[in-house]
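Structural characterization, general
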Amino acid sequence: MSAAASIPETDLAHWRAWVGRTEQRSDTVHAWPLDAWAATLDRDDPPAQPGAAVPPLAHWLFFLPAARQSLLGPDGHPLRGGFLPPIPLPRRMWAGGRLHFHDALRVGDEAVRSSRIGSIDAKSGKSGALAFVTVRHEIASPRGLAIVEEHDIVYRDAAKPGAAAAPPTVAATDETFARTITPDPVLLFRYSALTFNGHRIHYDRSYVTEVEGYPGLIVHGPLIATLLVDLLRRQRPEAVVRRFGFIARSPLFDGHAFDVCGRFDGERSVVLWARNHQGALAMQASAEFDMSTIVR
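These figures come from a predicted structure and were not determined experimentally.

1. A short note on the overall build of the protein chain
Scanning the protein chain for helices and strands turns up five helices and ten strands. Relative to the 2.2 N^0.38 estimate, which gives 19 Å for 296 residues, the radius of gyration of the protein chain is 19 Å and therefore close to what a compact globule would have. Dimensions along the principal axes, computed over C-alpha positions, put the protein chain at roughly 55 × 40 × 35 Å. In the protein chain, which comprises 296 residues, the share counted as buried stands at 45%. Residue pairs in contact within the protein chain that sit at least 24 positions apart in sequence constitute 74% of those at least 6 positions apart. In the structure as shown, the protein chain presents an accessible area of about 14300 Å², 54% of it carried by carbon and sulfur atoms. Distance from the positive charge centre (32 side chains) to the negative charge centre (32 side chains) of the protein chain: 3 Å.

Right, dumping it as structure tokens:
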């Protein structure tokens, strides 16, 4: 598919047959993944105890697919055409999401995640064809609905040799609190392991540079989002996040430090963003929170 090509309507109609498809997964919320997650984020949290609340976005450690090795695609992801549509565009990324935290999951919960394909769309961009899939997840604990999440996935054409990169969006510099993160292969490996994510763009340098055409290992979009929420938690440890939304704007790579930044926007909301080493916007986000004395 050339850079100017668009997705044929027949293909899009075929993929849209997946809209409405559902999937359900059950999991037990164990303490150890939360302890390992905190260590990966360089936190000094005490070990998670039975009944402890799961921090925001740490639910991504659970309900993980366990595809057999023989059923993985060349990019390390499960082969396409199961729950997700068989979109052949080779590069796929976590593009963003919107989450509403109704109640906390807790260590020891037997939880259920119900997922549904909400929409499938396509367009042509400067870099080629793009396809977008939105998945809606509802996670319930024994106490009822805990989390509603809309997860956006983007599929892109392969990189074109010599193609000019899209001009970056300049990130804001008016943060009132921030933290600098230096992503290295160990951090990316640990997060991949925690989320059982075999996507080779995060750990296989020859694959990501020679096949997908990126300049280095890519920092996981969910990891960047998690670091943004973690920044809020470090600034306001008593904050209980109720809503969080984020959009990935440009990738971050290992070997270059980046900043996670924040600025409060009223008493119960915050604007968050990630800025790369050249001042470009990598991710923008916002959160709404309550103040609480919940024991964690």
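2. A word on the packing of aromatic side chains
With the rule as written, the count across this model stands at six aromatic pairs. Between W60 and F246, the ring centres sit 6.2 Å apart and the planes meet at 65°, which makes this aromatic pair edge-to-face. Highlighted residues: W60 in the loop between α2 (31-40) and β2 (91-101) and F246 in strand β7 (residues 239-248), separated in sequence by 186 residues. The pair W60 / F246 is uniform in exposure class, with both members buried. Residues F264 and F289 carry aromatic rings whose centres are separated by 6.1 Å and whose planes lie at 65° to one another, so their mutual orientation is edge-to-face.

3. Some points on the nonpolar core
Of all hydrophobic cores here, the largest spans 60 residues; its most connected members are L34, L57, L99, L223, F244, F246 and L272. Tallying contributions element by element places helix α5 (residues 221-235) first for this core, with eight residues. Judged by nonpolar contacts, the second largest core, of 15 residues, contains W15, I120, V133 and I153.

4. Here's the deal with α2
For α2, a buried count of seven out of ten residues is recorded, marking the element as mostly surrounded by other parts of the structure. Within the sequence span of α2, burial applies to A31, P33, L34, A36, W37, A38 and T40. Of the residues flanking the end of α2, it is D42, one or two places downstream, whose phi is positive at about 65°.

Basis of the calculations
- Residues numbered from 1 in each chain as written.
- Predicted model: local features only at pLDDT ≥ 70, side-chain atom pairs only at ≥ 80, totals over all residues.
- Heavy atoms only, no water.
- Helix = DSSP H or I, 4+ residues; strand = E, 2+ residues; numbered from the N terminus.
- Rg over C-alpha atoms; globule rule 2.2 N^0.38 Å.
- Buried < 20%, exposed > 50% of the residue type's maximum accessible area, 1.4 Å probe, protein only.
- Contact = heavy atoms within 4.5 Å.
- Areas by Shrake-Rupley, 256 points an atom, 1.4 Å probe, with all protein chains shown as cover.
- Lys, Arg positive; Asp, Glu negative; His and termini not counted.
- Charge placed at Lys NZ, Arg CZ, Asp CG, Glu CD.
- Phe/Tyr/Trp six-rings, centres within 6.5 Å; stacked < 30°, edge-to-face > 60°.
- Core = buried A, V, L, I, M, F, W, Y, C linked by side-chain atoms within 4.5 Å.

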